[in-house]
Amino acid sequence: MLDVYTEIEEELAKEGNLYRIHYAKEVFEQKRGHVSSAVECYMKEFGVTEEEASIGLCRQASDAWKDINESLLLPNAVSRTVLTRIHCITCAIDVVYKYGDGYTAPDDTLKNLIASTLIEQVPL
């Protein structure tokens, strides 16, 4: 069943409508008895539709990135070295979960990202 979703996901990504497959996967996981998703929790907490919840969560993520980036620019009690490492880990986590975690929906996306970062040379 997930193979069908992967094919649909690739087609929707080409069209720029990738968010739609996220909802289909969520429905599938909920039928399997998995825990509530962030979208469902947001919907319950604020009494909004699924689309509004998704927009709200994207807004929260965007605001969090702004806070993280701003903290790197301002003087801080924490050393720049520590903040830079936290920022790098946060970026890695964002990439891993933005493009699928490679565990619950294994495909070559995460493997290709890691290979392009660590193995393949950048042409000069």
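It should be noted that the structure appears before, not after, this text.
Residues numbered from 1 in each chain as written. Predicted model: local features only at pLDDT ≥ 70, side-chain atom pairs only at ≥ 80, totals over all residues. Heavy atoms only, no water.

Enquirer: Looking at this model, I keep getting lost on a nonpolar patch on the surface. Mind explaining?
Expert: Taken together, the side chains of Val78, Val82 and Ile86 present a nonpolar region at the surface, about 230 Å² in accessible area. Here Val82 shows up in helix H5 (residues 80–98). (Patch = residues over 30% accessible without salt bridge, like charges linked within 9 Å, V, L, I, M, F, W, Y side chains within 5 Å. Areas by Shrake-Rupley, 256 points an atom, 1.4 Å probe, with all protein chains shown as cover. Salt bridge = Lys/Arg side-chain N within 4 Å of Asp/Glu carboxyl O. Helix = DSSP H or I, 4+ residues; strand = E, 2+ residues; numbered from the N terminus.)

Enquirer: Looking at this model, I keep getting lost on the packing of aromatic side chains. Mind explaining?
Expert: Aromatic rings considered in pairs are described by the distance between their centres and by the relative angle of their planes. Scanning all chains against the criterion turns up one aromatic pair. Seen from their ring centres, Tyr42 and Phe46 are 4.5 Å apart, and the 45 degrees between their planes marks the pair as tilted. Here Phe46 and Tyr42 lie together in helix H3 (residues 38–46), a separation of four residues that amounts to about one turn. On the accessibility criterion, Phe46 (46% relative accessible area) is partly exposed. (Phe/Tyr/Trp six-rings, centres within 6.5 Å; stacked < 30°, edge-to-face > 60°. Buried < 20%, exposed > 50% of the residue type's maximum accessible area, 1.4 Å probe, protein only.)

Enquirer: Quick question: what am I supposed to make of the side chain of His87 here?
Expert: Looking at the secondary structure, you find His87 in helix H5. By relative accessible area, which is 18% here, His87 ends up buried.

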